[in-house]
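# Residue-level structural notes
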Amino acid sequence: MTTPQQPDMNELLAQAAEMQAQLQKAQEEILATTVTGTAGGGLVEVTMTGGAELRAVRIDPKIVDPEDVETLQDLVIGAFRDAHQRAGQIAEEKLGPFAAGGAGFGI
C-alpha cells in the first residue's frame, strides 16, 4: 500500500513567497499606471493613476458655457467615471491570475 506523497512544505512556502512578490509587483505597476478618461467626444479629459489619484483635468474651451454649467459638470463626472473604469480594467488584468487563487502559479 502506498501513501499519497505529502507536498514539500519548503516548496509550498517558496511558491507562496514568489506569488506574494508577483502580487506586490502587480500592485506597484497598477499604482504607477496613468489612464485618461474622456467625455463629450474628447471635450473633457480626466487623467488619473491606477490608484484613482486625480492628476489632470482638461476642458476644451468650446464646451465652457456660463449659461450651462450643468452640462460641463456632467461631462467632468463622465470623464472621471471613464478613467476610473479604465483603471479598474488595468487592475483586473494585472491581478487576474491572483484572483484564481494562485492557480496560474502552480499552487
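Anything mentioned here points back to the structure above.
So, here is what we can say about the structure in this document.

The rules behind these values
- Residues numbered from 1 in each chain as written.
- Predicted model: local features only at pLDDT ≥ 70, side-chain atom pairs only at ≥ 80, totals over all residues.
- Heavy atoms only, no water.
- Pairing = 2+ DSSP bridges.
- Helix = DSSP H or I, 4+ residues; strand = E, 2+ residues; numbered from the N terminus.
- Axes fitted to C-alpha atoms, helices over the stretch in contact; angles between N-to-C directions.
- Parallel < 35°, antiparallel > 145°, perpendicular 65-115°, else oblique.
- Contact = heavy atoms within 4.5 Å.
- Nonpolar A, V, L, I, M, F, W, Y, C, P; charged D, E, K, R; others polar.
- Salt bridge = Lys/Arg side-chain N within 4 Å of Asp/Glu carboxyl O.

To continue, consider the pairing of strand 3 (residues 54–59). Of the pairings in the sheet, the one linking strand 2 (residues 44–49) to strand 3 comprises 5 bridges and is antiparallel in character. The partner of Glu45 across the bridge, within strand 3, is Arg58. Where strand 2 folds back onto strand 3 in an antiparallel hairpin, the turn is made up of 4 residues, including Ala52, whose phi is positive at roughly 70 degrees.

In this section: the packing of helix 1 (residues 9–32) against helix 2 (residues 69–99). Between helix 1 and helix 2, whose axes approach to 9 Å, the crossing angle comes to 175 degrees. On the basis of the axis angle, helix 1 is roughly antiparallel to helix 2. In this structure, helix 1 contributes Met19, Gln22, Leu23, Ala26, Gln27, Glu29 and Ile30 to the contact, and helix 2 contributes Ala91, Lys94, Leu95 and Phe98. By residue class, the composition of the contact of helix 1 with helix 2 is 7 nonpolar, 2 polar and 2 charged.

In total, this model carries 5 salt bridges according to the counting rule given. For Glu29, the salt bridge is made with Lys25, and the minimal N-O distance between the two is 3.4 Å. Linking Glu29 with Lys25, this pair stays in helix 1, spanning 4 residues, or about one helical turn. The closest approach of N and O atoms between Glu53 and Arg55, which form a salt bridge, is 3.4 Å.

With that out of the way, let us pick up the sheet that holds strand 3. The 3 strands lie next to each other as 1-2-3, forming an open sheet whose pairing is antiparallel. At either end of the open sheet lies a strand with only one pairing partner, and these are strand 1 (34–39) and strand 3. Recorded for the sheet is a direction-independent mean angle of 15 degrees between the axes of neighbouring strands. Where helix 2 meets the sheet, it contacts strand 1, strand 2 and strand 3, and its direction lies at approximately 145 degrees from that of strand 1.

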